[in-house]
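# Working through the structure, step by step
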Amino acid sequence: MAAACWCRCRGSDYRTWNMSIDEVPSNNTAGSCSSGVGPFTVQGPDGNLGAEEAGRASSLTLNYRKKLRAPICVKLTVFICLAVMVASGVPELVLWKKVHQQLVGQIEHRLMVLSTLRQEQLQDYLLSEADKTQLIAIRIVISNYLNNVSTGNKTLAKLDLQMAISVISDFMNAAVYDSKGHLVLETEENVFQPRIEEASINTVVQEIPNLQYPVETSNGWMYTLSRGIHKGQKLIGQLMVSVNATKLVSLVYDRTGLQETGELLVGIPDGPDKIRLLLPAMQKPNVIVLPYKGAMAKAINGESGILKERNYRGARVIAAYRPAGFLHWGLLAQMEIKEAYASVWSVRLVILVTFSALLFVGALASLGLAKAFTSPIIELGKAAFALGQGDMRTRVKKGSSCFHDEFSNLKDAFNGMAHRIASHQYILEHEVSERTSDLAHAHDGLAREVEERKRIELELEKAKDIAMAADRSKSEFLANMSHEIRTPLNAIINFTELCLDTQITQEQQEHLEYVQFAAQHLLRLITDILDFNKIAAGKLEMEEIQFSLYEQLEQSLSVLAARAWKSGLELCCDIHADVPDQLLGDPGRLLQIFVNLVGNGIKFTKKGEVIVSVTVNSKSADDVELLFAVKDSGLGIPQTKQSLLFQAFSQVDSSTQRLYGGTGLGLAISSKLAAAMGGRMWVESEGVEGLGSTFSFTGRFKLFPSNSSMNFLMFKGVRALVVDDNSTGLRILTDLLKSWNIIADGVMTTEAAKSALELGESSGHKYNVVLLDMWLGGVEALDLVEYIRARPDLLQKYASDAEVNTLYPVEPDSDLALPSAHCLSQQCSSKSTPDRLRYGPNLKVEIYTKDNVSSAIIMLTSVNHMESSRCKELGLPFHTSKPIRRSLLNRVLRSALGFEDKMSHDEGKTSKESKKLNKRLHVLIAEDNPVNQRVAIKLLHKWGHTTVLAVDGAEAVERSAKEEFDIILMDRFFRLLSKELTTVGNESLT
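In this text the structure is predicted, and so the values were computed from the model without any measurement.

For the protein, the count of helices and strands is 25 helices and 33 strands. For the protein, buried positions account for 41% of its 990 residues. A separation of at least 24 residues holds for 65% of the contacts in the protein among residues at least 6 apart in sequence. When the accessible surface of the protein is summed, it comes to about 55100 Å², and 56% of that surface belongs to carbon and sulfur atoms.

Dropping the structure here:
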């Protein structure tokens, strides 16, 4: 037999366990806890809790009931209600859909039948009235009288008209007008106008009478019918009848089948934007005009159907519309929706009430069922809660043995579980005491381990500081060594350049060029190592300044143009037309990437071309992401080796490094620079020689408002022929000229150029300028130059459209038009409009002669100065080097086309600025290195400037105070008073 034992330990909650009855002291005396934790009180199985413990248990039980009962009841109730809603709602919804569809269909069908019936009644009435007027209009006596009014018997004709009117009950009065609009017969005087407009008579159709709008008079509603009277096909007069509109009004205002809010409207179009009602609206008599829209407009347009809309009173109505027979009228039968659909809404109300009743009954049933299920669960929950609080005596009551169910089994299982928990509680207390002792020993060991780790962390922090100091020392060492190495290297490079400008032998020149190449190569290696060190240290700084993208790309290609020419390669730059020019970014780093990529393309390409392209990847209002690509036709890179390209100090293979040289830092640095610009770099190559590789990278730049000074409108109408044996260069140059409003064609051979010139001359579309590559297929293009000189009539001097229209105006009604751009691929025929017809019959086209035709030829040369000299020998005044620079090509084109006079003001301004930049300067050189002193003095004297040397800061301050200088060249690390020198130098500059 076991008893429940409570143990109240100091600083802890009540704990209970089970022990044998022999261990329980009698008479509820106090004993000591076997674990030695503190005193405890033992109570028998029939003992009661104290007041404090009983109140606490009662409070916990109440809180548990609040937390547990409501969620289970609600969930079960909601579930059953949802089941009832689904079980009853789905059939009722289906029933509602079917009933609603059937009732609405019946309502719409009834309206359509009603509108059809009223339309037929209206048509029958109008046809009947039209037939009556026709019977009067064809009476022979009246027709004969109208045919000869002067000699006819008016009395007989009037009597015949009165007899005809008298037999028709609806016709009140009648009158007859002749073809001039004069009243000749009437049944009653002073009823009709003595004269009507002749134009209104001519508008009356023979078959259909003209009905005027009904008017409410003292005698009731009246309207007038008019019909033409014909003699054969000739209109000899008009019959006008005053008709009693009682039948028409009763027909329109009959509300049979339309209930209380329904009405019938008959509309007649009155202009393009409004509809006139035949009779005023029944619900609102002052409404006689409606807007030309909605159901009435559809009916007038010949349509029929059902439409829900708002009527002239703003009420929602359902309207059946259809055209009103043979007239261009519309008929509309409408009812208010709330009245038309009253039966539908009654059915809906019945269904909703039924559904609500079923839902209410289901909710009541679900509450009862929820209570039956949740009562045992709540009892188990309270017992489990008390057991969790330490009351090991807690047991649940069993139900009646007659109703033994799953809940009874659950209660038995719970009581068994509570007994086992109480049995193990005592054992657990002893184990906890033992574990507490073990944890105390473990805590001491852990404290010692924490102290050891703190000591290690301090040592690591010191090691980190030492490493950072070493890294700073390394960076400072590299910076100082770079400065010290660059100084003699600059001296070697510059003095070598000065020696090359002197009179030396061929062998000496060759040796000096090798020295200059080696020094420049060494300088590039040092620059790459310093940049890599900055990137590795995370100290790479990117500028954000305004620059011209076009000029930056052209400058990078110009730097490498000489290398490409020596290797026999074509260097091209393809910038798409939508690429912006003015950007904010770091132009120096962008130039560094291009020099590296293009230099690699030239290095690893034996023959072919290197193409630089720029396109827009994405663009927003403030910035743009550009895609740059450098494609060559060189060795290619295998797929397995491409992953090594952007790693530092790595190349594709060692043989390539031995053959071409390099440190393997260029692409790694370029990749990091592209990432610093907000982009990335990658390579595409099939690894086959001749197909080459394509290095691409993206960069994001901020947009800067463009202030381009180039005026391309002046080139409108210019025809240019481009001759280049390189297809890529030909395409790029042709597209560039077309973007400048120039009509440009391109050919690749001398024979094709001759054919193009002859075709232009024969079709009347002569070229104004020829852009000619100096070398075509490896042969000098002298043959084509001589051919043009022999036939100067193949070219024509350019005159803008504004000048030609001023000098030789074309008549406004002339069918002469400006021809479309001449294109060789389209083979323009001789039927095209020639230039002499383009500018009018008085134009005298100015043609080149043998003496001045050379000015229409622009020679495309390489960077070799000998080719420029060759152009002068051939008498060609205009030439530009490849790769093409846009600004230079623009100036050469303007000169070749004779635009100098038009731009004299701008050129004069440029000339003044050029003279200002080219004047002799007085320069102060503040430099303490003797080698740099000699280099600066030599170069400045070579360029025609005067110099003064200061070897330290004090001397520089003294010199700048005594003299005025245009420029002060000062070493960044100049010793002594560098800040003071900067301040004084700024004040002394003129």
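Having seen the model, we can carry on.
Taking burial as the measure, the five residues of strand S26 (residues 769–773) include five buried ones, the bulk of the element. Across the two faces of S26 the burial is the same, with Val-769, Leu-771 and Asp-773 and Val-770 and Leu-772 all buried. Pairing of S26 with strand S29 (residues 857–861), which is carried by four bridges, proceeds in the parallel orientation. Bridge pairing in S29 links Leu-771 to Ile-858.

Judged by pairing direction, the sheet is parallel, and its three strands sit side by side in the order S32-S31-S33 without closing on themselves. In the strand order of this sheet, the two ends are held by strand S32 (946–950) and strand S33 (967–970), each with one partner. On average, each strand axis in the sheet is inclined to that of its neighbour by 20°, with strand direction left out of account. In this structure, strand S31 (residues 922–926) lies alongside S33, joined through four bridges in parallel fashion. The residue of S33 that forms the bridge with Val-923 is Ile-967. Packing of helix H23 (residues 930–942) onto the sheet brings it into contact with S31, S32 and S33, and relative to S32 it is tilted by some 165°. Running at roughly 140° to S32, helix H24 (residues 953–962) makes contact with S31 and S32 of the sheet.

So, on to the sheet that holds strand S15 (residues 316–323). If you trace the six strands from one edge of the open sheet to the other, you get S13-S12-S11-S16-S15-S14, paired in antiparallel fashion. Each end of this open sheet is capped by a strand with a single partner; those strands are strand S13 (289–291) and strand S14 (305–310). Across this sheet, the average inter-strand angle for adjacent strands is 35°, counted without regard to direction. Note that strand S11 (residues 263–269) and strand S12 (residues 274–277) share three bridges and pair antiparallel. Paired with Ile-268 across the bridge in S12 is Arg-276.

What follows is about the pattern of salt bridges. Taken as a whole and judged by the stated rule, the model has 27 salt bridges. By sharing partners, the salt bridges in this structure join Glu-129, Lys-132, Asp-170 and Lys-247 into a single network.

Structurally, the position occupied by Ala-629 is in strand S21 (residues 623–632). Of the residues examined, Ala-629 reaches a relative accessible area of 12% and is grouped as buried. Spatially, the C-alpha atoms of Ala-629 and Trp-682 are 9.7 Å apart, while their sequence positions differ by 53 residues. The contact partners of Ala-629, leaving out residues within four places of it in the chain, are Ile-611, Val-612, Ser-613, Thr-694, Phe-695 and Ser-696.

Ranked by internal contacts, the top residues of the largest apolar core, which has 58 residues, are Ile-136, Leu-161, Val-176, Leu-239 and Trp-329. At twelve residues, helix H1 (residues 51–137) tops the list of elements feeding residues into this core. Those residues in contact with Leu-161 that sit more than four places away from it in its chain are Ile-136, Ile-142, Ala-174, Ala-175, Val-176, Leu-185, Glu-186, Thr-187 and Leu-239. Of all hydrophobic cores here, the second largest spans 39 residues; its members include Leu-549, Leu-560, Cys-573 and Ile-602.

This part is about the side chain of His-765. For His-765, the location among the structural elements is in the loop between helix H16 (750–763) and S26. Among the polar contacts listed, one links the side chain of His-765 to the side chain of Arg-719, at a separation of 3.1 Å.

Time to look at the packing of helix H12 (residues 587–603) against helix H14 (residues 666–676). Following both chains from N to C, one finds H12 and H14 inclined at 145°, their axes separated by 10 Å at the closest point. Judged by the sense of rotation from one axis to the other, the crossing of H12 with H14 is left-handed. Seen from H12, the contacting residues are Arg-589, Gln-592, Ile-593, Asn-596, Leu-597 and Asn-600; seen from H14, they are Gly-666, Leu-667, Ile-669, Ser-670, Leu-673 and Ala-674. Grouping the constituent residues of the contact of H12 with H14 by class yields six nonpolar, five polar and one charged.

Let's shift gears to helix H21 (residues 886–897). Its twelve residues place the ends of H21 16 Å apart at the C-alpha level, agreeing with the 16 Å of an ideal helix rising 1.5 Å per residue. Of the positions making up H21, those classed as buried are Arg-886, Leu-889, Asn-890, Val-892, Leu-893, Arg-894, Ala-896 and Leu-897. If you follow the buried residues of H21, they end up packed against helix H11 (549–566), strand S18 (569–575), helix H15 (727–739), S26, S29 and strand S30 (878–881). With its phi angle positive at about 80°, Gly-898 sits one or two positions after the end of H21.

A ring pair, where both rings are aromatic, is described by two values, the distance of the centres and the angle of the planes. This structure, assessed with the given rule, holds six aromatic pairs. Feature note: the residues Phe-547, Phe-594, Phe-628, Phe-697 and Phe-701 constitute an aromatic cluster, connected by ring pairs. A cation over an aromatic ring shows up here: Arg-680 above the ring of Trp-682, its NZ or CZ 4.1 Å from the ring centre. If you follow Lys-754 out to its NZ or CZ, it ends over the ring of Tyr-787, 5.0 Å from the centre.

Quick look at the state of the cysteines now. Within the structure shown, the criterion is met by zero disulfides. Here Cys-573 stays free of any disulfide, with the sulfur of Cys-572 as its closest cysteine sulfur at 8.9 Å.

Turning our eyes to something else, we now look at unusual backbone geometry. Cis rather than trans, the peptide bond between Lys-882 and Pro-883 has omega equal to 5°. Despite not being glycine, Asn-190 shows a phi value in the positive range, around 65°. Looking at the element boundaries, Asn-190 is found in the loop between strand S6 (183–186) and helix H4 (198–202). For Asn-190, a relative accessible area of 77% gives the class exposed.

Taken together, the side chains of Val-74, Val-78, Leu-82 and Met-85 define a hydrophobic patch exposed on the protein surface, amounting to about 320 Å² of accessible area. The residue Met-85 is located in helix H1 in this model. Take Met-85: its relative accessible area is 34%, and that puts it in the partly exposed class.

On to the packing of helix H2 (residues 140–147) against helix H3 (residues 154–166), then. Packing of H2 against H3 brings their axes to within 9 Å, and their N-to-C directions diverge by 140°. In the packing of H2 onto H3, the handedness of the crossing is left-handed. The residues of H3 that touch H2, namely those facing Val-141, Ile-142 and Tyr-145, are Lys-154, Leu-156, Ala-157, Asp-160 and Leu-161. Partitioning the contact of H2 with H3 into residue classes produces six nonpolar, no polar and two charged.

Attention shifts here to the confidence of the model for the protein. The predicted model of the protein has a mean per-residue pLDDT of 76, with 77% of residues at 70 or higher. In this model residues 804–845 is a low-confidence stretch, pLDDT under 50, and it forms 57 contacts with partners more than four residues away in sequence or in other chains. The low-confidence segment residues 901–917, where pLDDT is below 50, has four contacts with residues more than four positions distant or belonging to other chains.

Turning next to the pairing of strand S5 (residues 171–178). For a regular strand, side-chain orientation follows a simple rule: the groups alternate between the two sheet faces. Counted residue by residue, S5 has seven buried out of eight residues, so it is predominantly covered. Pairing of S5 with strand S10 (residues 234–244) involves seven bridges; the strand directions are antiparallel. Counterpart to Val-176 in the pairing with S10 is Leu-239. As judged from the three bridges shared by S5 and S6, these two strands associate in the antiparallel manner. Residue pairing in the sheet places Ala-175 in a bridge with Glu-186 of S6. Where S5 folds back onto S6 in an antiparallel hairpin, the turn is made up of four residues, including Gly-181, whose phi is positive at roughly 95°.

Here H15 spans 18 Å end to end across 13 residues, near enough to the 18 Å set by a 1.5 Å rise per residue. For H15, the N-terminal capping position is held by Asn-726, with its side-chain oxygen 3.2 Å away from the main-chain nitrogen of Thr-728.

Here we come to the side chain of Gln-552. Among the structural elements, Gln-552 can be located in helix H11. Accessibility expressed as a relative area gives 12% for Gln-552, which makes it buried.

So, on to the environment of Val-149. With respect to the element layout, Val-149 can be found in the loop between H2 and H3. Among the residues examined, Val-149 registers a relative accessible area of 32% and is labelled partly exposed. As a C-alpha pair, Val-149 and Val-184 span 35 residues in sequence and 8.1 Å in three-dimensional space.

The rules behind the values
Residues numbered from 1 in each chain as written. Predicted model: local features only at pLDDT ≥ 70, side-chain atom pairs only at ≥ 80, totals over all residues. Heavy atoms only, no water. Helix = DSSP H or I, 4+ residues; strand = E, 2+ residues; numbered from the N terminus. Buried < 20%, exposed > 50% of the residue type's maximum accessible area, 1.4 Å probe, protein only. Contact = heavy atoms within 4.5 Å. Areas by Shrake-Rupley, 256 points an atom, 1.4 Å probe, with all protein chains shown as cover. Pairing = 2+ DSSP bridges. Axes fitted to C-alpha atoms, helices over the stretch in contact; angles between N-to-C directions. Salt bridge = Lys/Arg side-chain N within 4 Å of Asp/Glu carboxyl O. Core = buried A, V, L, I, M, F, W, Y, C linked by side-chain atoms within 4.5 Å. Polar contact = N/O pair within 3.5 Å; in protein donor to acceptor, adjacent residues only side chain to side chain. Left-handed = near helix turned anticlockwise from the far one by under 90°. Nonpolar A, V, L, I, M, F, W, Y, C, P; charged D, E, K, R; others polar. Expected span 1.5 Å × (residues − 1). Phe/Tyr/Trp six-rings, centres within 6.5 Å; stacked < 30°, edge-to-face > 60°. Lys NZ or Arg CZ within 6 Å of the ring centre and 35° of its normal. Disulfide = S-S within 2.5 Å. Patch = residues over 30% accessible without salt bridge, like charges linked within 9 Å, V, L, I, M, F, W, Y side chains within 5 Å. pLDDT = per-residue confidence, 0-100.

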